[in-house]
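# Chains, contacts and geometry: an overview
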Amino acid sequence: MNEVTLDIRRITLYKHGLAHIERAGTFEGHQLNMTFPTEAMDDVLKSLVIIDDSGGLVHGVDVERAEDRDQRLGEEALQLSPERSLLDLLRDLRGHRVEVHRREGGEISGTVIGIDIEDDDALKRPLLSVLTESGSVVPLLVSSVEDIRLADETQADVRRVLRTWRGQDRSRSATVRLSPGTHQLRVAHLMPAPAWRVSYRLVVEGDAMLLQGWGLFDNTFDEDLTDVTVTLVAGMPVSFRYRLYEGHIPARPEMADESRTMASAVEFAAMAEPVGAFAMADTPMLAARMKMTPFTGGAVRSMSMTNMETATAPAALGEDRGALFAYVVPEPVSAGRGRSVLVPLVSQRVEGRRELLYKSCSAMNGNPPSPIASLRLTNSTGLTLERGPVTVLEHGGYGGEAIVTFSPPGASFVVPYAVELGVRVAEERQHRTVVQSLRVQDRYLVLTEDIIATTTYRITSSLPNNVVVTIEQPQQPGWSLLDTAKPRETGGGAARWDVTATSYSEVTLVITEVQQQARGENVRGLDGEQLRAFLADRRIDQALHDGLGAILQLYGRLDDIDRQRSNNADARSDLHERQAQARANLGALGTTGDEGSLRQRYVQIISESEDRLATLQSSDDSLAAEYATIESDINTNLDALNSPRPAD
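Residues numbered from 1 in each chain as written. Predicted model: local features only at pLDDT ≥ 70, side-chain atom pairs only at ≥ 80, totals over all residues. Heavy atoms only, no water.

### Comments concerning the pairing of strand 27 (residues 444-461)
With 15 of its 18 residues buried, strand 27 lies for the most part within the structure. The pairing of strand 26 (residues 423-441) with strand 27 spans 18 bridges and is classified as antiparallel. Counted as the bridge partner of valine 440 is leucine 445 from strand 27. In this structure, the hairpin formed by strand 26 and strand 27 is closed by a connection of two residues, where aspartate 442 is found at a positive phi of approximately 50 degrees. Sheet analysis places strand 27 next to strand 32 (residues 505-522), joined by 18 bridges and oriented antiparallel. By the bridge assignment, threonine 455 is partnered in strand 32 with isoleucine 511. (Buried < 20%, exposed > 50% of the residue type's maximum accessible area, 1.4 Å probe, protein only. Helix = DSSP H or I, 4+ residues; strand = E, 2+ residues; numbered from the N terminus. Pairing = 2+ DSSP bridges.)

### A look at the nonpolar core
Across soluble globular proteins, nonpolar side chains show a tendency to be buried alongside one another. Within the largest apolar cluster, 74 residues are counted, with the highest numbers of intra-cluster contacts made by Leu202, Phe217 and Val415. Per-element accounting of this core gives the leading share, five residues, to strand 16 (residues 225-234). If sequence neighbours within four positions are ignored, valine 415 has contacts with Leu202, Ala373, Ser374, Leu375, Leu377, Val390, Val392 and Ala402. (Core = buried A, V, L, I, M, F, W, Y, C linked by side-chain atoms within 4.5 Å. Contact = heavy atoms within 4.5 Å.)

### Considerations on the side chain of threonine 384
Take threonine 384: it is sitting in the loop between strand 22 (372-378) and strand 23 (388-394). In this structure threonine 384 touches Phe325, Tyr327, Asn379, Phe406, Ser407, Pro408 and Pro409, once residues within four positions along its chain are discounted.

### Quick look at the sheet that holds strand 25 (residues 412-419)
Read across the open sheet, the six strands follow the order 25-22-21-28-31-30; overall the sheet is mixed. Pairing within the sheet leaves two strands with one partner each, and these edge strands are strand 25 and strand 30 (489-491). On average, each strand axis in the sheet is inclined to that of its neighbour by 35 degrees, with strand direction left out of account. Note: strand 22 against strand 25, seven bridges, orientation antiparallel. When the bridges of strand 25 are listed, threonine 378 appears paired with serine 412. (Axes fitted to C-alpha atoms, helices over the stretch in contact; angles between N-to-C directions.)

Read these as spatial facts, not as claims about activity.
This is the structure:
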């Protein structure tokens, strides 16, 4: 079998931790041995492609069996512990042929019988016994041995154990069986790899802006990369781990023959659980303070936009691949093992404008109560820009940094890179409720209300020049503007207003929003105090107040009836208890003498109880009739109030 390494020719790296590797080379023979990292075997087996451009055939691939280190070591004939490896080796050499060279001279050849160890001095007193060709048994102190020569097959066993111990089990071999002859092979497969990253530099000179992007990836392969074509893919392909390499034997029930022997004598015991594209507005945003001054001086000029454009190698070529986007690096890449590489992806001037952007509730979220100096850019590069950090260079030096969001061609994105401390923004929020209409429906007083939220932005500038501040406020579903100027633009769940902040002064922007909602108050749950409050707040008119008041009086009478019924029930229970006691006593009394007199008293008690029970029943009947009448009156009155009533 030939050990041949096919050189890596192309690498395609993805953001989700995979790389597609393509190798190529010439091979002579019919069995090609390749090695792969153990952790890559699942991905290799699900993606391996082998092509012979010379017309040969691929008959199959034999893959080394998956085993962990402990399992492989446990299957070895030599069991070497970390603490007693020499003694373990001598012990396991029993039956192996060796050549022993002693320190004082002389050589003994034979077969190892074993080793005897005195535990009190294990390193100095062990005796190695060797059976020579003449049949003699020679005991040797290990301390007197210079070296021991092992047979070839024994050497192979020791080396295999040592390779496993030092971690060479991190790779697995695969043998490609080919038709005989010379082959021009191409081999491609997936394997885990660190996600590639991207970082940007944004150079700003006046109104001109240059965007440069660099891709960063790591060579984590077991070899150097030389003149390799590199492609970096943006997007999110579906990917997963699938267990292919490590075999799995499903568990099955274990059955056994019945035992026909008696374990003992028989005995018987007794039973006891996505950001849309931004339409560029024409509103002028530049004020004197925000304009860039021309570059002057040699040191500054060295970082100019022109110099940066000309000093960078050609940027990557963009390829639209449906849901994915690829950056093909035009120049071959070389990188040593364990090194990281930066490659140019984009270097192009882009359209944009300056803004002082203030987001609502910035101070509440822990940010300074000041607008952020921002650059609103349009991705006019023709490339998809992956998410990554951007360093802003202005005035020939560092201006700040931000994050470029994932942006397809033509999309807009904002680079907020510095806090403008010369402008302060204070927010005031107020909420009030205005009743628009109310009605009675299904025994509920239904109020239709406008919830009005007012946000006041007080913008104070200590700058010597006028500046334009863009106030960005979230758009809440179901809310609309009320008596407020139309925003300059909307998009991305936010609305934006431009406010000119004059130097050394304060300006105010008031944004009022309204949302209509309906809520119900159970009429029976109201009381006179609430009705008076509704009337005082002009939530209901006098007629509705009087009508509801009359209904509440009827509900109050129903409550009285319920209390009377409860009292009647308690009295009835007491009477039944007295009757039961009297009847029990009657059974024990005679009909003459004192017992006869006492008997007459109990009969009188029972008779009076019956009369009282009859009175209670009559009261309940009367209360029930009154209850039904009052409920009918309540329904009639509620029906009369059911028509909608506008609020005053």
